[in-house]
Amino acid sequence: QVQLVESGGGLVQPGGSLRLSCAASGSIFGYNVMGWYRQAPGKERELVAQITRGGKTSHADSVKGRFTISGDNAKRTIYLQMNSLKPEDTAVYYCNLLWNDLNLNVWGQGTLVTVSS
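The structure contained in this document is the topic of the report that follows. (Residues numbered from 1 in each chain as written. Predicted model: local features only at pLDDT ≥ 70, side-chain atom pairs only at ≥ 80, totals over all residues. Heavy atoms only, no water.)

1. Points about the overall build of the protein chain
Phase 1: A count of helices and strands for the protein chain gives zero helices and 11 strands.
Phase 2: Mapped in sequence order, the helices and strands of the protein chain form the string β-β-β-β-β-β-β-β-β-β-β.
Phase 3: Relative to a compact globule of 117 residues, whose C-alpha radius of gyration would be 13 Å, the protein chain shows 14 Å and is just as compact.
Phase 4: Here the C-alpha coordinates of the protein chain stretch approximately 45 × 25 × 20 Å along the principal axes.
Phase 5: In the protein chain, which comprises 117 residues, the share counted as buried stands at 43%.
Phase 6: By sequence separation, contacts in the protein chain at least 24 residues apart represent 54% of the contacts at least 6 residues apart.
Phase 7: Within the structure as shown, the protein chain displays about 6,300 Å² of accessible surface, and the carbon and sulfur contribution to it stands at 47%.
Phase 8: With 11 positive and 8 negative side-chain charges, the protein chain shows a spacing of 5 Å between the two charge centroids. (Helix = DSSP H or I, 4+ residues; strand = E, 2+ residues; numbered from the N terminus. Rg over C-alpha atoms; globule rule 2.2 N^0.38 Å. Buried < 20%, exposed > 50% of the residue type's maximum accessible area, 1.4 Å probe, protein only. Contact = heavy atoms within 4.5 Å. Areas by Shrake-Rupley, 256 points an atom, 1.4 Å probe, with all protein chains shown as cover. Lys, Arg positive; Asp, Glu negative; His and termini not counted. Charge placed at Lys NZ, Arg CZ, Asp CG, Glu CD.)

2. Remarks on the nonpolar core
Phase 1: Counting 31 residues, the largest nonpolar core has L4, M34, W36, L80, M82, Y93 and L97 as its most contacted members.
Phase 2: Contacts of L80, omitting those with residues within four sequence positions, involve L18, R19, L20, W36, V48, A49, F67, T68, I69 and Y93. (Core = buried A, V, L, I, M, F, W, Y, C linked by side-chain atoms within 4.5 Å.)

3. A few points about the packing of aromatic side chains
Here a ring pair, both rings aromatic, is described through the centre-centre distance and the interplanar angle of the planes.
Phase 1: According to the stated counting rule, one finds three aromatic pairs in the structure shown.
Phase 2: Taking 4.9 Å as the distance between ring centres and 65° as the angle between the ring planes, the aromatic pair formed by Y37 and W107 counts as edge-to-face. With Y37 in strand 4 (residues 33–39) and W107 in strand 10 (residues 104–107), the pair connects residues that are 70 residues apart, well separated along the chain.
Phase 3: Judged by its relative accessible area of 17%, Y37 is buried.
Phase 4: The class for W107 is partly exposed, based on a relative accessible area of 34%.
Phase 5: Here Y94 and W107 contribute two aromatic rings whose centre-to-centre distance is 6.5 Å and whose plane-to-plane angle is 85°, an arrangement assigned as edge-to-face. Separated by 13 residues along the polypeptide, Y94 in strand 9 (residues 91–99) and W107 in strand 10 bring together distant segments of the chain.
Phase 6: Relative accessible area serves as the criterion here: at 14%, Y94 is assigned to the buried category.
Phase 7: Grouping aromatic residues by their ring pairs yields a cluster made of Y37, Y94 and W107. (Phe/Tyr/Trp six-rings, centres within 6.5 Å; stacked < 30°, edge-to-face > 60°.)

4. Focus: the side chain of R66
Phase 1: Relative to the elements of secondary structure, R66 occurs in the loop between strand 6 (57–59) and strand 7 (67–72).
Phase 2: Sequence-distant contacts of R66, that is, excluding residues within four places in its chain, are made with Q81, M82, N83, S84, L85, K86 and D89.

Here you go:
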């Protein structure tokens, strides 16, 4: 059974940086894509960034140039480096894994990021 555990959230001032990590337990050798989503209070969950098993990345327009997704298949971990944080980046950030052949869509428990002075 695949489980995802996020870490790295916290309180940061505007303009600051944080690095989120998402570690997967269990075998994920055949997954298709992992990603980061976020959900702000009163808003729908939105895609922030994705990385395929082959390393291809994509980022939402709202975070391009500020956030960078990366991954380490050997460690079964993905990261989200967040720079130049803004108050509107405040949200619970969730890690997600899609494995189409096994019809798996796994979510982590979320980690809170608060950007405030």
